[in-house]
Amino acid sequence: MLPQKHLFQLPEDGHYLNCAYMSPLLKGVEEAGIAGMQKKRNPAKIRQEDFFAEAETVRAKFGQLVNGHPAQVAIIPSASYGLQSAISNIPLNNGTHAITVSEEFPSDYYPLKSWCTRFGKDLIVIPPPESSPEKGKIWNELLLEAINPDTAAVVISSIHWTNGTLFDLGKIGARCKAVGALFIVDGTQSVGALPIDVAAFQIDALVCAAYKWLLGPYSIGLAWYSPIFNHGVPIEESWLNRTNAENFAGLTNYVDDYKPGAARYQVGESSNFILLPMLHAALDQIAAWGVGNIQQYCRQLTTPLLDFLIKNGFGVEVESYRAGHLFGFSLPDGLDRSNLLAAFQQNNIFVSLRGSSIRVSPHVYNTETDIRALIGVLEEVSTRS
Ligand SMILES: Cc1ncc(COP(=O)(O)O)c(C=O)c1O
């Protein structure tokens, strides 16, 4: 795959290696947003069908991306919203504890912590090993060992958001199924850039904010819920999710039924006329590139950087437990972090500091020039230290 920078409008003088913070807008996504906004100039042209058609398309496209049925997809405003829907519907008789990993993203941690406190369950947090060349492997093993018949649910991100540690979703999903635990996955930092399959990995809920690797706008996301959740209680009661929603003249003939599948978990005003067309355009572009190709592009692009890091004593996860599109590295002794961050700033290199890791997260708009610039700064600051 060739670089796709021409499809974005990033400034020429910067090196944006921070998609895990927020993706830049594709030109096509921006155009879809502007067209969506302009539609409301004349509401007479917004038809009743428009409240439903675009939403159905987006649900179908996300279903294709993660290998799940479109009826099980819900349009959500944020990862925290989608996670709350899943976590508050974990059956109370499913076990005595829930499991997550250390430094999980707050949108996962807070609803899980609150569910545990409210219902008298233990929250087990699995830390990584202190120091080990096989940190990712051992962390995965510790997680798998902790899952037992008393586990109500495992709630984790598909890769660790601070440093890209890969969690073996296939093995964790299988273990959850074997003991009857629900497997709730936050895909915000991977879906769109790393292949994921809800059926193969036996996932019960997969929740994604769209503004990172789905290349969508802010304040919209998508979630897939397994049929286990089809009779749960939603956060809010949007009329759009009821079986009579298409009949605008008869909305007050109130009904008890929700639309099938996971529709009950959709946010109010899910037919957002600006954000949905943007997300639709982004999903089309991701499908056209192919998620596997995006992952491979990122991995190949960053190979010289990883070679440099490994050769010069920076800490990185081994390749089999490290995502290609998002990874962290720690600094060798003696290299001053604030000097490095200042040098990144001076050279217009955009990465993130997360926990103790410097997090690098490229995408197909990045080129060898960006990677060379990053290596150049690391070399320069290392020699100065
Ligand atoms: C793993 C993960 N989940 C979710 C989010 C965003 O959550 P929310 O949509 O609740 O703001 C982030 C943002 O950095 C993240 O890294």
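Here the structure is a predicted model, which is why all the values come from computation and not from measurement.

What counts as what
- By convention here, each chain's residues receive numbers from 1 onward along its written sequence.
- Per-residue local features are limited, in this predicted model, to residues with pLDDT of at least 70; the limit for side-chain atom pairs, both in listing and counting, is 80 or more; totals at the level of whole chains, interfaces and linings are taken over all residues.
- The way it works is that DSSP assigns letters per residue, a run of H or I at least four long becomes a helix, a run of E at least two long becomes a strand, and they are numbered from the N terminus.
- C-alpha atoms define the radius of gyration, and 2.2 Å times the number of residues to the power 0.38 defines the globule rule.
- Three exposure classes are used. Buried residues have 20 or more other C-beta atoms within 10 Å of their own C-beta, exposed residues have 12 or fewer, and partly exposed residues fall in between, all C-beta atoms being placed from the backbone.
- Here, residues touch in the contact sense if the C-beta positions derived from the backbone fall within 7 Å of one another.
- Think of it this way: DSSP has to see at least two bridges between two strands before they count as a pair.
- Each axis is a line fitted through C-alpha atoms, taken for helices only over the stretch in contact, and angles between the N-to-C directions span 0 to 180 degrees.
- Each domain's extent is set by a domain assignment, obtained either automatically or from a database.
- Put simply, Ala, Val, Leu, Ile, Met, Phe, Trp, Tyr, Cys and Pro go in the nonpolar bin, Asp, Glu, Lys and Arg in the charged bin, and everything else, Gly too, in the polar bin.
- Crossovers are described as right-handed under a simple rule: with the strands pointing away from the observer, the path leading from the first strand over the helix to the second runs clockwise.
- Nearness between a residue and a molecule or strand is assessed with a C-beta atom placed from the backbone; a distance within 6 Å qualifies.
- By definition, a nonpolar core groups buried Ala, Val, Leu, Ile, Met, Phe, Trp, Tyr and Cys residues that are joined through C-beta atoms within 7 Å.
- If an angle is under 35 degrees, it is roughly parallel; if it is over 145, roughly antiparallel; if it lies from 65 to 115, roughly perpendicular; otherwise it is oblique.
- Crossings are assigned a handedness: left-handed for a near helix turned anticlockwise from the far helix by less than a right angle, right-handed for a clockwise turn.

S.K.: Pulling in residues and values, what's your account of the overall build of the chain?
M.R.: When you go through the chain residue by residue, the secondary structure sums to 10 helices and 12 strands. Against the 2.2 N^0.38 benchmark of 21 Å for 385 residues, the chain shows a C-alpha radius of gyration of 22 Å, consistent with a compact globule. By principal-axis analysis of the C-alpha atoms, the chain measures approximately 75 × 55 × 30 Å. A total of 385 residues make up the chain; the buried ones form 47% of that total. Pairs at least 24 apart in sequence give 75% of the contacts found in the chain among residues at least 6 apart.

S.K.: Would you mind going over the sheet that holds strand β11 (residues 352-354) in detail, with residue names and values included?
M.R.: Strand order in this open sheet of 3 strands is β9-β12-β11, and the pairing throughout is antiparallel. Edge strands, defined here as strands with exactly one partner in the open sheet, are β9 (327-329) and β11. For this sheet, the mean inter-axis angle between neighbouring strands, taken without regard to orientation, is 40°. Where β11 meets strand β12 (residues 357-360), 3 bridges bridge the pair, whose relative direction is antiparallel. Residue pairing for β12: S352 is matched across the bridge by R359.

S.K.: Can you explain the domain arrangement of the chain? Please cite residues and give values.
M.R.: Here the chain is partitioned into domain 1 (5-20 + 290-384) and domain 2 (32-288). For domain 1 and domain 2, the distance between their C-alpha centres works out to 29 Å. Between domain 1 and domain 2, the residue contacts involve 20 residues of the former and 20 residues of the latter. With 5 residues, the top contributor of residues to the side of domain 1 that touches domain 2 is helix α8 (residues 291-311). Classifying every residue of the side of domain 1 that touches domain 2 gives 10 nonpolar, 6 polar and 4 charged.

S.K.: Break down the pairing of strand β4 (residues 122-126) for me, with residues and values.
M.R.: In the case of a regular strand, side chains alternate between the two sheet surfaces. Sheet analysis places strand β3 (residues 97-101) next to β4, joined by 5 bridges and oriented parallel. Across the sheet, the residue bridging to V101 is I126, located in β4. On the question of chirality, the crossover connecting β3 to the parallel β4 by way of helix α4 (residues 106-119) is right-handed.

S.K.: Break down unusual backbone geometry for me, with residues and values.
M.R.: One non-glycine residue, E103, lies in positive phi territory at about 55°. With respect to the helices, strands and loops of the structure, E103 is situated in the loop between β3 and α4. Judged by the 17 C-beta atoms lying within 10 Å of it, E103 falls in the partly exposed class.

S.K.: Account for the sheet that holds strand β6 (residues 182-186), naming residues and giving values.
M.R.: Two pairing modes exist for strands in a sheet, parallel and antiparallel, and in both the strands are linked by backbone hydrogen bonds. Ordered in space as β2-β8-β7-β6-β5-β3-β4, the 7 strands form an open sheet in which the pairing is mixed. Looking along the sheet, the strands with just one partner apiece sit at the ends: β2 (73-76) and β4. Across the sheet, the mean angle separating the axes of adjacent strands is 15° when strand polarity is ignored. Bridge analysis of strand β5 (residues 151-157) against β6 gives 5 bridges, and the strand direction is parallel. The partner of V155 across the bridge, within β6, is I184. Of the strands in this sheet, β2, β7 (205-209) and β8 (221-225) touch helix α2 (residues 53-66), which is tilted by about 120° from β2. On the sheet, α4 packs against β3, β4, β5 and β6 and is oriented at approximately 160° with respect to β3.

S.K.: Lay out the site of the ligand in plain terms, naming residues and giving numbers.
M.R.: Around the ligand, the neighbouring residues are S78, A79, S80, F105, S107, S157, W161, D186, T188, Q189 and A209. Of the residues assigned to the shell around the ligand, the class counts are 4 nonpolar, 6 polar and 1 charged.

S.K.: So what's going on with helix α3 (residues 79-87)? Which residues, and what values?
M.R.: Of all the 9 residues making up α3, 8 are buried; the element is thus mostly covered by neighbouring parts of the structure. Of the positions making up α3, those classed as buried are A79, Y81, G82, L83, Q84, S85, A86 and I87. Elements in contact with the buried residues of α3: β2, α4, β5, β6, β7 and β8.

S.K.: Before we move on, can you summarise the nonpolar core with the specific residues and values?
M.R.: Counting residues in hydrophobic clusters, the biggest one holds 110 residues, and the most contacted among them are V154, I184 and A223. When residues of this core are assigned to domains, at least three fall in each of domain 1 (5-20 + 290-384) and domain 2 (32-288).

S.K.: Give a description of the pairing of β8 that names residues and reports values.
M.R.: Most of β8 sits inside the fold, with 5 of its 5 residues counted as buried. Residue alternation in β8 divides its side chains into two sets, G221, A223 and Y225 and L222 and W224, and both sets are buried. The pairing of β7 with β8 spans 5 bridges and is classified as antiparallel. Bridge pairing in β8 links A205 to Y225.

S.K.: I'd like a rundown of the environment of S352, residues and numbers included.
M.R.: Along the polypeptide, S352 turns up in strand β11. Among the residues examined, S352 registers 17 C-beta atoms within 10 Å and is labelled partly exposed. Residues S352 and T162, spaced 190 residues apart in sequence, show a C-alpha to C-alpha distance of 9.0 Å. Excluding residues within four positions of it along the chain, S352 makes contact with N18, A20, Y21 and R359.

S.K.: Could you give an account of the packing of α2 against helix α7 (residues 275-289), with specific residues and numbers?
M.R.: It is the contact of α2 with α7, at a shortest axis distance of 10 Å, that shows an interaxial angle of 30°. Judged by the angle between their axes, α2 and α7 are roughly parallel. Crossing of α2 over α7 shows left-handed handedness. Contacts from E54, A55, T57, V58, K61, F62 and L65 of α2 reach α7 at L276, P277, L279, H280, L283 and A287. Classifying every residue of the contact of α2 with α7 gives 9 nonpolar, 2 polar and 2 charged.

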